[in-house]
Structures are given as C-alpha cells and as structure tokens.
Amino acid sequence: MKSYWHRTKEGMNYHIDLLRTPGKVILYEDSGHWKSEVGGSVTYEAFLAGEFQDIVQQHFDAVVLEEVIEAVKKRLEKGEEEK
C-alpha cells in the first residue's frame, strides 16, 4: 500500500507521508534547503474529517487526495495505528 507522495511545483517540494505509529498524516514542504522545511501533522481520523484535505488538493490534485483518503481508510480498517 502506498504511504508516500511527492510533487515538485514552482520550485517547492511537497510531501505527504503516512505514519503507522502514531497514526498520522504528515504534510510538509521544502525548497531544497534544510532551513526551509515547513509542515504539520494530523491524526488519521482528523484527516478523514477534512483537516489538511484542502492543502493536499491545493498542492497535489483530486486524484492524490482520493489516494491518500483510501490509504488512510485501509490503514484504519487494518488497525495500523496506535493511539
């Protein structure tokens, strides 16, 4: 199951990473310099409730958003997160 997405757009690198422990969706961006990294995280449940989905849509697209949603749902169904 896919757990990482990356895209470069207008000189910025955008990343989505799904962590199993704890069950979180990590979103961050950078310009290639270590001091430029900015991001945040939300629980799987918060992501499915809509948090950060607008950011994924903005920097990626609707296809990637659906892929991430489906991956998070599958992980929750399999119990691949710890509280």
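This is a predicted model, so every value here is computed, not measured. (Residues numbered from 1 in each chain as written. Predicted model: local features only at pLDDT ≥ 70, side-chain atom pairs only at ≥ 80, totals over all residues. Heavy atoms only, no water.)

A. Spotlight on the overall build of the protein. A tally of regular secondary structure across the protein gives three helices and four strands. Here the C-alpha radius of gyration of the protein, 13 Å, is about what a compact globule of 83 residues would show, namely 12 Å. When its C-alpha atoms are laid out on the principal axes, the protein stretches across 35 × 25 × 20 Å. Counting over 83 residues, the protein shows a buried share of 34%. Across the protein, the fraction of contacts at a sequence separation of at least 24, relative to all contacts at a separation of at least 6, is 42%. (Helix = DSSP H or I, 4+ residues; strand = E, 2+ residues; numbered from the N terminus. Rg over C-alpha atoms; globule rule 2.2 N^0.38 Å. Buried < 20%, exposed > 50% of the residue type's maximum accessible area, 1.4 Å probe, protein only. Contact = heavy atoms within 4.5 Å.)

B. Main features of the pairing of strand 2 (residues 12–19). Pairing of strand 1 (residues 4–9) with strand 2, which is carried by six bridges, proceeds in the antiparallel orientation. Paired with Tyr 4 across the bridge in strand 2 is Asp 17. Hairpin remark: strand 1 followed by strand 2, antiparallel, with two residues in the connecting loop; positive phi at Glu 10, about 50 degrees. Alignment of strand 2 against strand 3 (residues 24–30), held across seven bridges, turns out to be antiparallel. Residue pairing across strands places Asp 17 opposite Ile 26, the latter belonging to strand 3. Counting the residues that bridge the hairpin from strand 2 to strand 3 gives four residues. (Pairing = 2+ DSSP bridges.)

C. Main features of the environment of Gly 11. For Gly 11, the position within the fold is in the loop between strand 1 and strand 2. By relative accessible area, which is 54% here, Gly 11 ends up exposed. Put simply, Gly 11 and Gly 32 are 21 residues apart on the chain and 8.7 Å apart in space, counted from C-alpha to C-alpha.

D. Broad picture of the pattern of salt bridges. Tallied over the entire structure, the rule returns one salt bridge. With a shortest N-O distance of 3.9 Å, Glu 70 and Lys 73 are connected by a salt bridge. With Glu 70 and Lys 73 both in helix 3 (residues 62–78) and three residues apart, the pair spans about one turn of that helix. (Salt bridge = Lys/Arg side-chain N within 4 Å of Asp/Glu carboxyl O.)

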